[in-house]
Amino acid sequence: VFKLMDGYLKNDSVSLQKAILDHVEFTVARSRFSFDDFEAYQALSHSVRDRLIERWHDTHQYVKRKDPKRVYFLSLEFLMGRSLSNSIINLGIKDQCVEALSQLGFELEVLAEQEGDAALGNGGLARLSACIMDSLATLDFPAWGYGLRYQYGLFRQVILDGFQHEQPDYWLNFGNPWEIERVHISYPVKFYGTVEEEIVDGKKFKIWVPGETVEAVAYDNPIPGYGTRNTINLRLWAAKPSDQYDMESFNTGDYINAVINRQKAETISSVLYPDDRSYQGKELRLKQQYFFVSASLQDIVRRFKDLHTNFQEFPDKVALQLNDTHPSLMIAELMRVLVDEEHLDWNEAWGIVGKAFSFTTHIVVLEGLEKIPVDLLGSLLPRHLQIIYDINFLFVEDLKKRFGSDYDRLSRMSIVEEGPVKNVRMANLSIVSSHTVNGVSQVHSQILKTKVFKDFYELWPEKFQHKTNGVTQRRWIVGSNPGLCGLITKWLGTEAWIRNVDLLLGLRQHAANPELQEEWRMIRRVNKKRLADYIEAMSGVKVCIDAMFDVQVKRIHEYKRQLLNVLSIIHRYDCIKNMKKGDRRKVVSRVCLIGGKAAPGYEIAKKIIKLVHVVAEKINNDPDIGDLLKLVFIPDYNVSVAELVVPGSDLSQHISTAGHEASGTSSMKFLMNGCLLLATADGSTLEIIEEIGEDNLFVFGAKLHEVPSLRDKARDFEVPRQFARVVRMVREGYFGFGDYFESLCDSIEGNGGDFYLLGNDFMSYLEAQAAADKTFVDQERWTQMSILSAAGSGRFSTDRTVGEYAEKTWGITPCKCP
Ligand code: 26Q
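All figures in this text were calculated on a predicted structure; none of them were measured in a lab.

J.: Any chance you could break down the overall build of the protein chain for me, citing the residues and the numbers?
T.: Scanning the protein chain for helices and strands turns up 32 helices and 24 strands. Here the C-alpha radius of gyration of the protein chain, 27 Å, is about what a compact globule of 818 residues would show, namely 28 Å. Dimensions of the protein chain, computed from C-alpha atoms along their principal axes, come out at roughly 95 × 70 × 60 Å. Considering the protein chain as a whole, with its 818 residues, one finds that 48% of them fall into the buried category. Within the protein chain, counting contacts between residues at least 6 apart in sequence, those at least 24 apart form 77% of the total.

J.: Which residues make up the site of the ligand, and what values do they have?
T.: In the neighbourhood of the ligand, 19 residues make up the surrounding shell, with Gly124, Leu125, Asp275, His362 and Ser663 lying closest. For the shell around the ligand, the element with the most residues is helix 6 (residues 124–138), which contributes three residues. For the shell around the ligand, the class distribution of residues is six nonpolar, 10 polar and three charged. Looking at the shell around the ligand, you find at least three residues from each of domain 1 (181–214 + 238–467) and domain 2 (527–799).

J.: Account for the environment of Glu397, naming residues and giving values.
T.: Residue position: Glu397 is located in helix 14 (residues 382–403). Taking C-alpha positions, Glu397 is 49 Å from Arg156, a pair spaced 241 residues apart along the chain.

J.: Please set out unusual backbone geometry residue by residue, giving values where relevant.
T.: A positive phi angle, near 45°, is found at Asp67, a position not held by glycine. Mapping Asp67 onto the fold places it in the loop between helix 2 (37–66) and strand 1 (70–74). Phi at Asp161 takes a positive value of approximately 55°, unusual for a residue other than glycine. Inspection of the secondary structure puts Asp161 in the loop between strand 5 (156–160) and strand 6 (163–167). A tally of 8 C-beta atoms within 10 Å means that Asp161 is categorised as exposed.

J.: Any details on the pairing of strand 22 (residues 651–654)? Residues and values, ideally.
T.: Residues Leu651 and Gln653 of strand 22 are buried on one face, and the alternating residues Ser652 and His654, pointing to the opposite face, are buried as well. One ladder, built from two bridges, connects strand 19 (residues 548–553) with strand 22; its direction is parallel. Of the residues in strand 22, the one forming a bridge with Asp550 is Leu651. As paired strands, strand 22 and strand 23 (residues 676–680) are joined by four bridges and run parallel to one another. Looking across to strand 23, one finds that Gln653 is bridged to Leu678. Following the chain from strand 22 across helix 25 (residues 666–672) to the adjacent parallel strand 23, one finds a crossover that is right-handed.

J.: Break down the nonpolar core for me, citing the residues and quoting the values.
T.: Side chains of nonpolar character tend, in soluble globular proteins, to be buried together. Core analysis: the biggest nonpolar cluster contains 225 residues, and Tyr72, Phe291, Val612 and Val615 have the highest contact counts within it. Here this core spans two domains, since at least three of its residues come from each of domain 1 (181–214 + 238–467) and domain 2 (527–799). Among residues more than four places away in sequence, those in contact with Val612 are Val566, Ile594, Leu631 and Phe633.

J.: Tell me about the sheet that holds strand 14 (residues 371–373), residues and numbers included.
T.: What the three strands build is an open sheet, ordered 14-16-15; its pairing is antiparallel. Lying at the two open borders of the sheet, with one neighbouring strand each, are strand 14 and strand 15 (416–417). The sheet strands contacting helix 16 (residues 426–433) are strand 14 and strand 16 (423–425), and the helix crosses strand 16 at an angle near 45°.

J.: If you had to explain the packing of helix 1 (residues 13–26) against helix 4 (residues 94–104) to someone new, which residues and values would you point to?
T.: In contact at an axis separation of 8 Å, helix 1 and helix 4 are set at 55° when each is read in the N-to-C sense. As the angle between them shows, helix 1 and helix 4 are arranged oblique. Helix 1 and helix 4 meet at a crossing whose hand is right-handed. Taking contact as the criterion, the partners of Ser13, Leu16, Gln17 and Ile20 in helix 1 are, on helix 4, Gln96, Cys97, Glu99, Ala100, Gln103 and Leu104. Looking at the contact of helix 1 with helix 4 residue by residue, the class counts come to five nonpolar, four polar and one charged.

J.: Could you give me a rundown of the sheet that holds strand 24 (residues 698–700), with the residues and numbers involved?
T.: Taken together, six strands build an open sheet; the order of strands is 21-20-19-22-23-24 and the sheet is parallel. The open sheet has two edge strands with one neighbour each: strand 21 (629–634) and strand 24. Neighbouring strand axes in the sheet, compared pairwise and without regard to direction, differ in orientation by 20° on average. Where strand 23 meets strand 24, three bridges bridge the pair, whose relative direction is parallel. Paired with Leu678 across the two strands is Phe698, which belongs to strand 24. Helix 22 (residues 562–577) rests against strand 19, strand 20 (590–595), strand 21 and strand 22 of the sheet, and its axis sits at about 155° to strand 21. Sheet contacts for helix 23 (residues 603–620): strand 20 and strand 21; angle to strand 21, the most-contacted strand, approximately 145°.

J.: Account for the UniProt feature "modified residue: N6-(pyridoxal phosphate)lysine" (unreviewed entry) in the protein chain, naming residues and giving values.
T.: Here the UniProt-annotated "modified residue: N6-(pyridoxal phosphate)lysine" (unreviewed entry) positions come out as Lys669. Setting aside its immediate chain neighbours within four residues, Lys669 contacts Val471, Trp476 and Val646.

J.: Tell me about helix 12 (residues 346–356), and name the residues and values.
T.: Along helix 12, the positions that sit buried rather than exposed are Ala349, Ile352, Val353 and Ala356. Buried residues of helix 12, seen end-on, are gathered within an arc of 100° and therefore sit on one face of the element.

J.: Tell me about the domain arrangement of the protein chain, and name the residues and values.
T.: Partitioning the protein chain into structural domains gives domain 1 (181–214 + 238–467) and domain 2 (527–799). Opposite the 14 residues of domain 1 that make contact, domain 2 presents 13 residues. Top contributing element to the side of domain 1 that touches domain 2 by residue count: helix 17 (residues 442–452), with four residues. Split by residue class, the side of domain 1 that touches domain 2 holds six nonpolar, six polar and two charged.

J.: Pulling in residues and values, what's your account of the packing of helix 22 against helix 28 (residues 721–731)?
T.: Orientation of helix 22 relative to helix 28, taken along the N-to-C sense of each, is 95°, at an axis distance of 9 Å. What the angle tells us is that helix 22 and helix 28 run roughly perpendicular. Across from Leu567, Ile570, His571 and Asp574 in helix 22, the residues of helix 28 making contact are Gln722, Val726, Val727 and Met729.

J.: A description of the confidence of the model for the protein chain should follow, citing residues and the corresponding values.
T.: Residues with a pLDDT of 70 or more make up 98% of the protein chain, whose mean pLDDT is 96. Of all secondary-structure elements in the protein chain, the lowest mean pLDDT belongs to helix 7 (residues 247–251), at 70, while strand 1 reaches the highest, 99. Predicted complex metrics record ipTM = 0.99 and pTM = 0.97.

J.: Could you give an account of the pairing of strand 23, naming the residues involved and the relevant values?
T.: Judged by how many residues are buried, strand 23 sits mostly within the fold: five of five residues are covered. Both faces of strand 23 are covered, namely the face carrying Leu676, Leu678 and Thr680 and the face carrying Leu677 and Ala679. The handedness of the strand 23 to strand 24 crossover, carried by helix 26 (residues 685–692), is right-handed.

J.: So, helix 30 (residues 758–777): which residues are in play, and what are the values?
T.: In this model, helix 30 (20 residues) spans 28 Å end to end at C-alpha, consistent with the 28 Å of a helix rising 1.5 Å per residue. Along helix 30, the positions that sit buried rather than exposed are Leu758, Gly759, Asn760, Asp761, Phe762, Tyr765, Ala768, Gln769 and Ala772.

What counts and how
- Residues numbered from 1 in each chain as written.
- Predicted model: local features only at pLDDT ≥ 70, side-chain atom pairs only at ≥ 80, totals over all residues.
- Helix = DSSP H or I, 4+ residues; strand = E, 2+ residues; numbered from the N terminus.
- Rg over C-alpha atoms; globule rule 2.2 N^0.38 Å.
- Buried ≥ 20, exposed ≤ 12 C-beta atoms within 10 Å, placed from the backbone.
- Contact = placed C-beta atoms within 7 Å.
- Near = placed C-beta within 6 Å.
- Nonpolar A, V, L, I, M, F, W, Y, C, P; charged D, E, K, R; others polar.
- Domains from an automatic or database assignment.
- Pairing = 2+ DSSP bridges.
- Right-handed = clockwise from strand over helix to strand, strands pointing away.
- Core = buried A, V, L, I, M, F, W, Y, C linked by C-beta atoms within 7 Å.
- Axes fitted to C-alpha atoms, helices over the stretch in contact; angles between N-to-C directions.
- Parallel < 35°, antiparallel > 145°, perpendicular 65-115°, else oblique.
- Left-handed = near helix turned anticlockwise from the far one by under 90°.
- UniProt positions renumbered as here; feature names shortened; annotations may be inferred.
- Arc of directions from axis to C-beta.
- pLDDT = per-residue confidence, 0-100.
- Expected span 1.5 Å × (residues − 1).

Below is the structure:
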């Protein structure tokens, strides 16, 4: 275990124990002779927090002195999950904490369970942000994360009678030891109003006279690196009422209403929007975005101005990374600050903007791109709308010079979309204003160049890059699978892989070694037992750990095809039912687990959840089936549930229709943990296949280039009878609720055609499933594939991703605190 040098605070178990007891008494205000698990969790967290703060101060001081170029990772979403275990691991004080606690009669694992998840994000994009922060800190990059401190994170999913209900996630209810409230770091953020002209030194300037002001207060979340003192900052903004421009309302005599109105300011950061395109064009969402952008940029500019006076140096000191289009109003905001406030020429300012921003998109289809209605933008941010129009005017003029009167092209590329409702296309704004644009897997980046942003690629081929996503092995192996972590270290003879994940390749040479295989299986069995206990506690279903644990956990979306999975489970059930008793001995037992949240307004996704439940009800209660097949829905899937599920799975499914998953990152977590993949050739799976070889996972389904023609032919496609049969069972109410599932069945059989090609891929999916069964019987082969999966997962660490961004996009180098 690596040891960091102590700072002012000591890290031996005696010092830690004293720290814990002091915090019990003085922070939690309980007696040091009597406190419960939750209070112990609080006291331990505060002891850890103190140590984080120490390193975090050192890092800030050091980086400030060195003043290197910094990257600012701008994201409206961060899915951090729990912090206690992760911090303890990254600080390198796990053994000492375990010892300190055991003498007090507590267990670290039990205390860690007391913590709620910080779920300030929806899914892949948000968890990616969190993994990137871990790698930025570990690799000593001078980096900051900026985000919003939503009071309510992603809704909690409660299942009643098989239906999803959404409940508020008031995650701050029991306090949050991982943040530091910075009451003195706050900025006014302005909205509405008008644009006027001002003359300074004989020159005309536009000034924005805003109508409403809200205060943004900083909450800092220290992010420790592993095996380094570097601890970086994730700064989240909360909205508070402002004292500025508020006198008026208090002078009208209606004191009570004036106070109540002030309180409304807080709604801006109150709730995370679920990922749902139907929310587009909502004023509150736009306010959130600008609130985030304005506060973050004021902070960034202030830090720049602390040491610099010449804005030409701004891009040498600042890299601004846009995590999707959500923060892209910062482009207009930086223009406004430079031109209206700092009085730079337009062209000078535009040059600075173009060198500062880089843009990552996580979306594959054009329809998914973010648009803001011009009317809405004009009323909330009148000056920004003007700036966007000006950017667009100059851009379109340039285009005309280049492409003449190719009006179709001009209208496709324009930042402003004309039509009955005019919209600002945020992706176009981001591409035009950034020096680099990247997709999140090789194939995704290719699709951007050839389809989604083809016009832009033809104009600026040099702007387009690709950066395959990753996940952090600190959380996804060291934290969530300590058994496997120890085994890997033992066989590699070093724990250096925790910082240098390419070393995992060293496992390849041992993949067929029976001794390693035996130990590997033992550890996986313990993890499966832990998962089985959780399943039973949560659903009442007892599962046999000799069965294959077959898992699909991710947001529920039609393109991710959870429905295909359910239909194949029905098929499996139907086959077993119709088998002669003697043949059943050959059936490989399965425990199928499906989990994930549906956006609240996404009807079809909600029906899929209900379908899982009714099918599960039937199968699990069929005495004829017993342990041969079980189906369980895992409710309220989140980061900490994933930490339990991933290490305990044998097979995981990533079965999106080819061309629809930009990358996919959960597959990488499963891969690292030695879980085999059953997947389509989509997103990052293509690179996983390249890395571990197609013999080491189960691939099926239409290929990317086949999808368009299959879609054209979908209407004439004769679906396999097996597919028709299982859909008919659902339709005709074999599992009940036949009417309710009609529209769901229509989505794959009706006139609209089977857009996601479930019918098409069904037989090939069943074949892949059969291949998985066949392999599972051969445990030696299975274990070898499992070891080779983990061995090949190094390429999918965010350490690699972040290294590539640093070199190719941001132009930053490490700044390691001594
Ligand atoms: C949009 C408008 C209004 C409110 C919310 C949103 C919104 C919020 C979140 C739209 C999209 C998201 C999240 C998207 C996302 O998670 N995309 C996934 O990103 C992963 C990381 O790159 C990829 O691996 C996945 O393939 C991609 O689906």
